[in-house]
Amino acid sequence: MNRLSKRWVILILGLLVSSPSWGQGLESGNLIGIHVVTVTLKPGATMDEFKNFYVRQVLPEYEKNWPGLKGYLLKSFWGDSKNKFAIVWLFKTEADRNRNFDADGKANELEKAALEKVKPIEERLKNMYGTYTVEYTHEDDWVVE
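Residues numbered from 1 in each chain as written. Predicted model: local features only at pLDDT ≥ 70, side-chain atom pairs only at ≥ 80, totals over all residues. Heavy atoms only, no water.

**Student:** Before we move on, can you summarise the nonpolar core with the specific residues and values?
**Tutor:** Ranked by internal contacts, the top residues of the largest apolar core, which has 23 residues, are Phe50, Tyr54, Tyr62, Trp89, Leu125 and Tyr132. Elements with a contribution of two residues or more to this core: strand 1 (31-41), helix 2 (47-65), strand 3 (84-91) and helix 4 (109-128). The element contributing the most residues to this core is helix 2, with seven residues. Discounting residues that sit within four places of it in the chain, Tyr62 has contacts with Leu69, Trp89, Val118, Glu122 and Tyr132. Among the nonpolar cores identified, the runner-up in size contains seven residues, and Ile34, Val88, Leu90 and Val144 belong to it. (Core = buried A, V, L, I, M, F, W, Y, C linked by side-chain atoms within 4.5 Å. Buried < 20%, exposed > 50% of the residue type's maximum accessible area, 1.4 Å probe, protein only. Helix = DSSP H or I, 4+ residues; strand = E, 2+ residues; numbered from the N terminus. Contact = heavy atoms within 4.5 Å.)

Pasting the structure below:
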């Protein structure tokens, strides 16, 4: 794991442990997905507008369509991460996350259906404020011991 990834993990785990999640903080068996996001704003849109819409509209839509999921948006502690933030997906259990994937890790029909349900809110975000890309790696998902 590179140095930046280690910093993200430490920062995010520290934040999650210090704030309530399901009212109790992290619990053994929780699965945490950590994803770095790069934003490309539309002309005239601000990062604050993008983030506010994401937190108030996009995250709740994902939470509604993935049982056992809670989403968080994090800004970087370091100033050199312009137009970047992190999304943390917190699943109650590994099974909550895994129910949407085949044994080989590919999206199954349940995952595909949930992704279809969030397309309208993602399109609104894109049309109003801009787009984002996510850096996915095999070091994104962590299980609390």
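**Student:** Quick rundown of helix 2? Include the residues and the values.
**Tutor:** With 19 residues, helix 2 should reach 27 Å at 1.5 Å per residue; the first-to-last C-alpha distance of 26 Å fits that figure. Along its length, helix 2 reaches its greatest deviation from straightness, about 40 degrees, at Tyr54. When we look at burial in helix 2, the residues that qualify are Met47, Phe50, Phe53, Tyr54, Val58, Leu59, Glu61, Tyr62 and Asn65. Of the surrounding secondary structure, the elements contacted by the buried residues of helix 2 are strand 1, strand 2 (69-75), strand 3, helix 4 and strand 4 (130-135). (Expected span 1.5 Å × (residues − 1). Bend = angle between axes of the 7 residues up to and from the residue.)

**Student:** Tell me about the packing of aromatic side chains, and please be specific about residues and values.
**Tutor:** The geometry of an aromatic ring pair is captured by two quantities: the separation of the ring centres and the angle between the planes. The tally for this structure, following the rule as stated, stands at nine aromatic pairs. With centroids separated by 5.1 Å and ring planes inclined at 15 degrees, the aromatic side chains of Tyr62 and Trp66 adopt a geometry described as stacked. Like Tyr62, the residue Trp66 is buried in the burial classification. One aromatic cluster is present, formed by Phe50, Tyr54, Phe85 and Tyr132 through successive ring pairs. Here the basic side chain of Lys70 rests over the ring of Tyr72, its NZ or CZ set 5.6 Å away from the ring centre. (Phe/Tyr/Trp six-rings, centres within 6.5 Å; stacked < 30°, edge-to-face > 60°. Lys NZ or Arg CZ within 6 Å of the ring centre and 35° of its normal.)

Coordinates in, geometry out; function isn't part of it.
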